[in-house]
Amino acid sequence: MSGLYRVKALLLLATLLAVSCIPVVCASPKTADSSLLYIADAYYADLDGDSSADDIKILVQFALRDLEPTRVDINLWVTLPSGTTYAFRVSVYKAPSDSTLNIDCINMACESGWYDVKMLASILGLGRGRVSVEDAFSFDPPTGGGPGLPTVSAYF
Ligand SMILES: [Ca+2]
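What comes next concerns the included structure.

**A few points about the sheet that holds strand β3 (residues 55-63)**
Right, on to step 1. Spatial strand order, β2-β3-β6-β9: four strands in an open sheet with antiparallel pairing. The open sheet has two edge strands, β2 (37-45) and β9 (151-155), and neither has a second partner. Ignoring which end each strand starts from, the neighbouring axes of this sheet average 15° apart.
Right, on to step 2. Two elements, β2 and β3, share eight bridges in a ladder whose sense is antiparallel. The partner of Y44 across the bridge, within β3, is I56.

**A word on the nonpolar core**
Right, on to step 1. The biggest cluster of nonpolar side chains holds 30 residues, and the ones touching the most others in it are I58, V60, L76, C105, V117 and A121.
Right, on to step 2. Looking at this core, the elements with two or more residues in it are β2, β3, β4 (71-79), β5 (85-93), β6 (98-106), β7 (115-124) and β8 (131-139).
Right, on to step 3. Here this core gets six residues from one element, more than from any other, and that element is β7.
Right, on to step 4. Setting aside residues up to four positions removed in sequence, V117 forms contacts with I39, A42, I58, L76, V78, A136 and F137.

**With respect to the pairing of β6**
Right, on to step 1. Alignment of β3 against β6, held across eight bridges, turns out to be antiparallel. Looking at the pairing, L59 lines up with N102 of β6.
Right, on to step 2. In terms of strand pairing, β6 meets β9 through five bridges, oriented antiparallel. Bridge pairing in β9 links D104 to S153.

Thresholds, definitions, all that
- Residues numbered from 1 in each chain as written.
- Predicted model: local features only at pLDDT ≥ 70, side-chain atom pairs only at ≥ 80, totals over all residues.
- Pairing = 2+ DSSP bridges.
- Helix = DSSP H or I, 4+ residues; strand = E, 2+ residues; numbered from the N terminus.
- Axes fitted to C-alpha atoms, helices over the stretch in contact; angles between N-to-C directions.
- Core = buried A, V, L, I, M, F, W, Y, C linked by C-beta atoms within 7 Å.
- Buried ≥ 20, exposed ≤ 12 C-beta atoms within 10 Å, placed from the backbone.
- Contact = placed C-beta atoms within 7 Å.

Following this line, the structure appears as structure tokens:
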């Protein structure tokens, strides 16, 4: 087994575990102004350079102003036209006040039809407990896809 293949297998395992572990409905005591954190855009593209536009770019805008949370947990669900849902969580420590988080989902756009991206984020450490933010975004990618296991990476 090559190193690259093993990494992909581990990432898939992490994705599947996330699917089974993250509750669809999270009870949160407070809901913040969604302008603090929102999905600025989501679209398909060829992000891994395999000549197939089967990857999804999700841009999450941080607009926390002078807030300084200790952690921001972003739970994301990407639902394919068939109903298959990929769930994953990105935790950001020392979040920048105004910046765009890039989330690249490789080999995930393999069906034609509308894709739904749902976000439920928790902003922690603001001195008034956990604050939740919800957002959603839909887009329509092209038909078809290349080979490979779905993987996710996130970066500012
Ligand atoms: Ca690709």
